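Read off the chains here:
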Amino acid sequence: MKRIVWLGVGVALGVIAYQKITEARSLASPGGLNRAVASLADSVAHFADQVRAGMGEREAELRRGLGLES
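Please read these numbers as outputs of a predicted model, since none were measured by experiment.

Some points on the overall build of the protein
Secondary structure summary: the protein contains two helices and zero strands in total. For a compact globule of 70 residues, the expected C-alpha radius of gyration is about 11 Å, and the protein comes in at 26 Å, more than 25% above that figure. Its C-alpha atoms give the protein principal-axis dimensions of about 80 × 35 × 10 Å. For the protein, with 70 residues in total, the buried portion stands at 1%. Accessible surface computed for the protein: about 6,400 Å², of which carbon and sulfur atoms make up 66%. Across the protein, the 9 positively charged side chains and the 7 negatively charged ones have centroids separated by 20 Å.

As structure tokens, then:
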């Protein structure tokens with residue numbers, strides 16, 4: 001009975017390791033690198049847009065607080 005349990009554990013670990021290796025190999029391909037760089041660029045652009053929006057909101061709050069609204 002112990003052998004069957006350990007066999008199952010070994011098979012499960014083998015399947016997980018195979019999936020991780022396959023995933024790493026696909027990330028190392030040119031297409032995988034392009035996807036990773038595009039994802040990073042999209043994230044940076046989204047962050048910059050959020051920062052700009054926050055800056056605009058804060059500037060409007062400061063202008064209202066100082067009575068500088070036009």
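Regarding the pattern of salt bridges
Taken as a whole and assessed by the stated rule, the structure comprises three salt bridges. Between Arg-58 and Glu-61 there is a salt bridge; the shortest N-O distance is 3.2 Å. Residue Arg-58 and its partner Glu-61 are located together in helix H2 (residues 30-66), separated by three residues, close to a single helical turn. In this structure Arg-58 comes out as partly exposed when scored by relative accessible area, which is 46%. In this structure, Glu-59 and Arg-63 form a salt bridge, with 3.3 Å as the shortest nitrogen-oxygen distance.

Overview of H2
For H2, built from 37 residues, the straight-helix expectation of 54 Å at 1.5 Å per residue is met to within 8% by its first-to-last C-alpha distance of 54 Å. Gly-67 occupies a position one or two residues after H2 and carries a positive phi of about 75 degrees.

A few points about the environment of Val-51
Of note, Val-51 is situated in helix H2. Sequence separation of Val-51 and Gly-14 is 37 residues, and the distance between their C-alpha atoms is 45 Å.

Thoughts on the packing of helix H1 (residues 2-28) against H2
At a minimum axis separation of 4 Å, H1 and H2 run at an interaxial angle of 80 degrees. Our classification of the angle between H1 and H2 gives roughly perpendicular. Packed against H1, whose contacting residues are Ser-26, Leu-27 and Ala-28, the element H2 presents Pro-30, Gly-32, Leu-33 and Arg-35 at the interface. In terms of residue class, the contact of H1 with H2 is built from four nonpolar, two polar and one charged.

The rules behind the values
Residues numbered from 1 in each chain as written. Predicted model: local features only at pLDDT ≥ 70, side-chain atom pairs only at ≥ 80, totals over all residues. Heavy atoms only, no water. Helix = DSSP H or I, 4+ residues; strand = E, 2+ residues; numbered from the N terminus. Rg over C-alpha atoms; globule rule 2.2 N^0.38 Å. Buried < 20%, exposed > 50% of the residue type's maximum accessible area, 1.4 Å probe, protein only. Areas by Shrake-Rupley, 256 points an atom, 1.4 Å probe, with all protein chains shown as cover. Lys, Arg positive; Asp, Glu negative; His and termini not counted. Charge placed at Lys NZ, Arg CZ, Asp CG, Glu CD. Salt bridge = Lys/Arg side-chain N within 4 Å of Asp/Glu carboxyl O. Expected span 1.5 Å × (residues − 1). Axes fitted to C-alpha atoms, helices over the stretch in contact; angles between N-to-C directions. Parallel < 35°, antiparallel > 145°, perpendicular 65-115°, else oblique. Contact = heavy atoms within 4.5 Å. Nonpolar A, V, L, I, M, F, W, Y, C, P; charged D, E, K, R; others polar.

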